[in-house]
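Next come the chains, spelled out residue by residue.
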Amino acid sequence: MGEAPAFFDDDLRGDFPNGLLLKSKGCETAINIGCNKTYVIGATEKESACTIGVRIFDKSTSKWVIPTVLGTKPKPLGGHSAIALDEDRILVIKGNSTSDDCFWFLEVNTAFVREQKTRLGTEVVAWSKGVIGESEKPIVISGPSGVGKGTLISKLMEEFPSMFGFSVSHTTRAPRNNEKNGVHYHFTERSVMEKDIKDEKFLEFAAVHGNLYGTSIEAVEVVTDRRKRCILDIDVQGARSVRASSLEAVFIFVCPPSFEELEKRLRSRGTETEEQIQKRLRNAKAELEQGNSPGLFDHILVNDDLNKCYENLKKLLGLGDSVKTTKIPVPKLVQIPPEHIVSKIDQKILINCTVPEQEKPAANMFMLDLSSIKGGAPGRTRGLSIYAVEPSTNGSIGSEMLS
Ligand SMILES: Nc1ncnc2c1ncn2[C@@H]1O[C@H](COP(=O)(O)OP(=O)(O)OP(=O)(O)O)[C@@H](O)[C@H]1O
Ligand SMILES: Nc1nc2c(ncn2[C@@H]2O[C@H](COP(=O)(O)O)[C@@H](O)[C@H]2O)c(=O)[nH]1
């Protein structure tokens with residue numbers, strides 16, 4: 001990728017008004033989406049730090065547009081290639097990096113991006129990192145304070161430690177005696193959290209029982225990057241926000257067997273003052289009503305007998321008695337060199353890492369399968385699989401799955 005790709009010159013040069021011709025420094029790619037837009041992706045020097053920048057050339061107006069960039073950006077490293085996937089996203093493959101950090105998606109017209117365009121009134125693009133391997137939808141667990149959400153989640157994480165990861169929320173409430181910063185919550189000053197909310201760092205947030213609580217995009221990304229299924233313990237307002245976001249999840253509402261039992265549990269936990277208990281009980285009434293809102297929750301669990309409720313939770317997550325704690329295999333890391341050629345066949349991307357001068361037929365080829373991808377910005381694009389492609393003597397190609 002030392003030179004600008006051929007299509008860069010052919011497709012763009014003639015369309016550029018004088019003075020706007022891009023100087024390729026060997027690390028920019030230009031991708032046409034639809035008839036009118038060309039997305040130029042490349043490393044830019046900004047305040048002496050190198051970042052990946054995105055510019056859009058609008059052929060209908062002959063003008064450059066600098067979009068609002070959402071999501072976690074990739075750190076640039078030794079060149080990249082890019083290829084359009086349908087009309088809504090661009091796959092960017094970073095060179096000189098391994099398969100846990102080399103596949104990135106630049107969303108240009110997904111539902112999330114369209115929504116953000118309307119909200120912000122600007123052009124918007126959004127980054128999401130591709131994660132190799134099967135990974136199930138995150139689980140949102142909601143229900144009134146004291147119903148036993150935390151108890152159920154602890155049991156699940158204890159029995160299946162390699163399968164589930166907890167999304168550590170931010171909160172402005174004070175820590176309880178047994179709570180550790182960064183484990184139970186990220187305990188935060190209100191002013192800091194408000195600034196982070198303004199800076200779009202949160203997937204959702206809500207004022208709950210007089211404090212701010214929120215799930216940062218990073219909290220979910222950290223779990224997904226470990227290839228674990230993410231569990232969110234959030235209130236009903238938060239569940240509603242996540243439902244409206246691009247994070248596809250399974251939504252579970254936990255109910256108490258009675259209001260009296262809920263009050264008993266909240267008191268016996270002994271972590272709140274009387275005034276706080278009263279506030280939480282008042283809020284519980286509204287939450288119990290909302291738990292039945294049509295279309296919000298996929299499953300309702302009654303937490304009467306703890307062990308029975310836990311068995312029901314496992315059942316609905318597809319974890320019957322026969323499921324043992326299985327370690328998700330760590331993928332073999334594939335190293336993508338800076339020079340590689342990408343091509344697309346349906347939802348499969350062929351990555352040829354053979355340097356042209358030393359060309360041996362398909363000596364170092366990988367197939368990236370995008371047919372089962374889930375999720376996307378803000379967050380991660382999950383479900384990518386990668387195969388090594390072996391040339392056979394008769395010229396056909398076979399493949400071996402790497403993860
Ligand atoms: N099925 C159950 N029967 C009796 N007690 C229970 C049951 N489930 C949980 N508890 C107890 O109820 C108390 C509240 O449980 P927990 O802290 O898990 O609730 P929570 O829903 O996570 O609350 P919050 O939303 O305030 O964090 C705890 O003391 C816990 O041991
Ligand atoms: N909307 C969100 N709600 C959250 C989040 N983290 C926790 N919660 C909910 O807050 C209440 C109270 O929790 P507590 O730890 O103070 O007892 C409870 O219902 C949690 O589910 C969050 O990130 N967003």
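Residues numbered from 1 in each chain as written. Chains lettered and ligands numbered in written order. Predicted model: local features only at pLDDT ≥ 70, side-chain atom pairs only at ≥ 80, totals over all residues. Heavy atoms only, no water.

Taken together, 15 residues lie near ligand 1, and S145, K149, G150, T151 and R269 sit nearest. Taking G146, its main chain carries an N or O atom lying 2.9 Å from an oxygen atom of ligand 1. Here an oxygen atom of ligand 1 and a backbone polar atom of G150 are 2.8 Å apart. In the complex, the protein chains occlude 75% of the 640 Å² of accessible area that ligand 1 would expose alone. Class assignment of the residues belonging to the shell around ligand 1 gives a composition of 3 nonpolar, 6 polar and 6 charged. (Near = heavy atom within 4 Å. Polar contact = N/O pair within 3.5 Å; in protein donor to acceptor, adjacent residues only side chain to side chain. Areas by Shrake-Rupley, 256 points an atom, 1.4 Å probe, with all protein chains shown as cover. Nonpolar A, V, L, I, M, F, W, Y, C, P; charged D, E, K, R; others polar.)

Another point: empty space enclosed by the protein. For the coordinates displayed, the defined rule picks out 1 cavity of 30 Å³ or more. P138, V220, T224, L247, G375, G376, G379, R380 and R382 are the residues that line the largest cavity. Sorting the residues of the lining of the largest cavity by element identifies α5 (217-225) and β25 (380-391) as the ones contributing at least two each. (1 Å grid on protein atoms, 1.4 Å probe; cavity = no way out; pocket = protein on both sides within 12 Å on 5 of 7 lines; lining within 4 Å. Points joined across faces, edges and corners; volume = space filled by probe spheres on them. Helix = DSSP H or I, 4+ residues; strand = E, 2+ residues; numbered from the N terminus.)

For the rest of this paragraph, the subject is the nonpolar core. One finds L156, F164, L313 and L317 to be the most contacted residues of the largest nonpolar core, which totals 24 residues. Listed by contribution, the elements that provide at least two residues to this core are β11 (139-142), α3 (149-159), β18 (250-255), α7 (259-269), α8 (274-290) and α9 (306-316). Discounting chain neighbours no more than four positions away, the residues touching L317 are I139, L156, F164, R229 and I252. By size, the runner-up hydrophobic cluster in this structure holds 20 residues, among which are I132, I349, C353 and L370. (Core = buried A, V, L, I, M, F, W, Y, C linked by side-chain atoms within 4.5 Å. Buried < 20%, exposed > 50% of the residue type's maximum accessible area, 1.4 Å probe, protein only. Contact = heavy atoms within 4.5 Å.)

S169, R173, Y185, Y213 and D233 are the nearest of the 19 residues found near ligand 2. R173 is positioned with one of its side-chain polar atoms (N or O) 2.6 Å from an oxygen atom of ligand 2. The side chain of D235 places a nitrogen or oxygen atom 2.8 Å from a nitrogen atom of ligand 2. Expressed as a share of its isolated accessible area of 510 Å², the protein-covered part of ligand 2 is 95%. Counting residues per element, the ones that place at least two in the shell around ligand 2 are β15 (202-208) and β16 (211-216). Residue composition of the shell around ligand 2, grouped by class: 5 nonpolar, 6 polar and 8 charged.

Read these as spatial facts, not as claims about activity.
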